[in-house]
Amino acid sequence: MRTAEPYRIKMVEPLTMTTRAEREKAIADAGYNTFLLKSSVCYIDLLTDSGTNAMSDRQWSALMMGDEAYAGARSFDHLLEAVQEAYGLPYVVPTHQGRGAEHLISKILIKPGQYVAGNMYFTTTRVHQELAGATFVDVIRDEAHDPTRADIPFKGNIDLDKLQALIDDKGAENIAYVNLAVTVNMAGGQPVSMANIKAVSELCKRNGIILWSDATRLAENSWFIKEREEGYADTPCAEIVKEMLSYVDGLTMSGKKDALVNIGGFLAMRSEAILEEARGLVVVYEGMPTYGGLSGRDLEAMAVGLREALDDAYLEHRIGQVRYLGDQLKAAGVPIVEPVGGHAVFIDARAFLPHLSQDDFPAQALAAELFVESGVRSMERGIVSAGRDADGNNRHPALELVRLTIPRRVYTNAHMDVVADAVIELWKNRDAIRGLRFVHEAPTLRFFTSRFEPIPARSPLPEQAEEHPVGAVDVRP
Ligand SMILES: *Cc1c(COP(=O)(O)O)cnc(C)c1O
């Protein structure tokens, strides 16, 4: 039997459609960076699932109950109760969003010169680890870097041999902590199995290493465990999440994802010592330990949302909708990362645009073209997002992807049909898509604010090529 959204729509927000000419101008004005587009020109906005969630009637009601006291607000107690009950962790420190929590925990756990191991990097997470003096080491299983390995149910798993090798090589005392992301955003929203979480936890315990979770999409991860891992088919996701977290020492949370709010985040932990340090830092960087840069109403909405995200009917539809879009693209032959992950469909831009080199920023170019084609906003996850290494060279990640990220509870499957049609139309005309080059390169997290221009068509005649050089900045290695 087919299923529909497990909710009905109580409030609507009109969408606007632009002309192709308007979109061509808009993307040029935005420096061919979809992050720099105004949302008013985006018809279906799949830039991110971060903070773009639709809140429920219960969350909107909770918002009205916010206690805006500077200290000791009851809204904090509501968040604390929710985290204790739903996640099973005793202590919580709110922050303005996930990266606020990453900032604090990196400062607390890292001594300069140490290493942090994790299942693939995340942009803000790694920046905070590096700013605290650590070197990030990716210990995700190899298949996570291969978009064609559809046969791997838990592509987000940590490779225990890689982690053991790092411990042997650097010494356990030089590993600040292991950062376990569930699901793995940069691998395409790929899940981690319960067996892997347990095994990583045991390995960490044996070596006295702290295991921290980037729990941003833990609810979505729990659905994959229910669906794919033996023994969990009849376990409610709420229980699966509790078991997942029973193996970790603490977590950073971006409430903008699986707490179903528009802003917010937190740290949660078991250790009183870490709690004390976090409370000391949060007052410097975020706000009092009972609000951490958020208003009371934000805390209330997050307390309700993090529970709602653990509902099985919600998760079945959520993951199902992402898969619904992925299946249409796959059926048309569009190369996507398989299996489809939890929050987005990732187009393999290398396979889509084989005539471009990675230094022509194929994913950045494809995201710009998709916008011009349809008004659908997506984003690059490839060489631009990966940034430069310590020597100033471009990192060349194995994955060069365009991310179609599905906001939670926002769009219907009819919107997914429109997106699929637009991508398939581009796929038919892919040979005409040209690469991009930098006009302005931002120094950190460059994907957010850098500007680009199309690489001019190359002249076939060498003399003419001399007269019309391909650009002052040649970014090729
Ligand atoms: C979004 C995200 C973060 C950072 O959270 P913000 O709320 O955006 O600061 C950290 N890790 C992962 C995996 C994320 O997707």
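Figured I'd write up the structure that's included with this text. For every chain, the first residue of the written sequence is number 1, and numbering continues from 1 onward in sequence order. Note on the predicted model: pLDDT of at least 70 is required for a residue's local features to be given, and 80 or more for side-chain atom pairs to be given and counted; whole-chain, interface and lining totals, by contrast, use all residues. Think of the side-chain values as coming from all heavy atoms in the structure, minus any hydrogens and water.

## Thoughts on unusual backbone geometry
Then, number 1: A cis amide bond links Val182 to the next residue, Thr183, at an omega of -15°.
Then, number 2: Residue Pro339 follows Glu338 across a cis peptide bond; omega there is -10°.
Then, number 3: Positive phi, normally seen in glycine, also occurs at Met120, with a value near 70°.
Then, number 4: Secondary structure elements follow DSSP: runs of H or I no shorter than four residues count as helices, runs of E no shorter than two count as strands, and numbering proceeds from the N terminus. Summarising the element assignment, Met120 is placed in the loop between strand E3 (115-118) and helix H5 (123-131).
Then, number 5: A positive phi is found at Phe361, a non-glycine position, where the angle reads about 55°.
Then, number 6: Inspection of the secondary structure assignment puts Phe361 in the loop between helix H13 (349-352) and helix H14 (362-374).
Then, number 7: With a 1.4 Å probe rolled over the protein chains alone, any residue whose accessible area is under 20% of its type maximum counts as buried; one over 50% counts as exposed, and the rest are partly exposed. Judged by its relative accessible area of 0%, Phe361 is buried.

## With respect to the site of the ligand
Then, number 1: One heavy atom within 4 Å of a molecule or strand makes the whole residue count as near it. Near the ligand you find 15 residues, and of these Arg99, Asp214, Arg217, Ser254 and Lys257 are the closest.
Then, number 2: Pairs of N or O atoms within 3.5 Å make up the polar contacts considered here, provided that, within protein, one atom can donate a hydrogen while the other can accept it, and that residues adjacent in sequence are counted only when both atoms are side-chain atoms. In the environment of the ligand, an oxygen atom lies 2.6 Å from a nitrogen or oxygen atom belonging to the side chain of Ser254.
Then, number 3: Here the open area of atoms and residues is found with the Shrake-Rupley method and a 1.4 Å probe, where only the protein chains shown may cover a residue. Considering the ligand on its own, with 370 Å² of exposed area, one finds that the protein chains cover 96% of that surface.
Then, number 4: Within the residue set of the shell around the ligand, elements represented by two or more residues are helix H4 (98-109) and H5.
Then, number 5: Tallying contributions element by element places H4 first for the shell around the ligand, with three residues.
Then, number 6: Amino acid classes used here: Ala, Val, Leu, Ile, Met, Phe, Trp, Tyr, Cys and Pro are nonpolar; Asp, Glu, Lys and Arg are charged; the rest, including Gly, are polar. When grouped by side-chain class, the residues that make up the shell around the ligand number one nonpolar, eight polar and six charged.

## Description of the side chain of Lys257
Then, number 1: For Lys257, the location among the structural elements is in the loop between strand E7 (250-254) and strand E8 (265-269).
Then, number 2: Only four residue types enter the charge count, namely Lys and Arg as positive and Asp and Glu as negative; His and the chain termini do not. For this analysis, a salt bridge means a side-chain nitrogen from Lys or Arg found within 4 Å of a carboxyl oxygen belonging to Asp or Glu. Lacking a salt bridge, the buried Lys257 has Asp49 as its closest oppositely charged neighbour, with an N-O distance of 5.6 Å.
Then, number 3: For this analysis, residues touch if any pair of their heavy atoms sits within 4.5 Å. Not counting residues up to four positions away in its chain, the partners in contact with Lys257 are Asp49, Ser50, Asn53, Thr216, Arg217 and Arg408.

## Section: the layout of surface pockets
One water molecule sets the probe size; rolling that probe over the atoms shows where empty space is left.
Then, number 1: Computed over the protein atoms alone on a 1 Å grid, cavities are sets of points where a 1.4 Å probe fits but cannot get out and pockets are open sets with protein on both sides within 12 Å along at least five of seven lines; a residue lines them when it has an atom within 4 Å of a point. Grid points are joined across faces, edges and corners, and a volume is the space filled by probe spheres set on the points. Quantified by volume, the largest pocket comes out at close to 1,400 Å³.
Then, number 2: Lining the largest pocket are 36 residues, with Met11, Ala54, Met55, Arg409 and Val410 positioned closest to its centre.
Then, number 3: If one sorts the elements of the lining of the largest pocket by residue count, helix H2 (residues 57-64) sits on top with three residues.
Then, number 4: Classifying every residue of the lining of the largest pocket by side-chain character gives 16 nonpolar, ten polar and ten charged.
Then, number 5: Annotation comment: domain bounds sourced from an automatic or database domain assignment. If you count residues domain by domain, the lining of the largest pocket takes at least three from each of domain 1 (20-49 + 312-456) and domain 2 (57-308).

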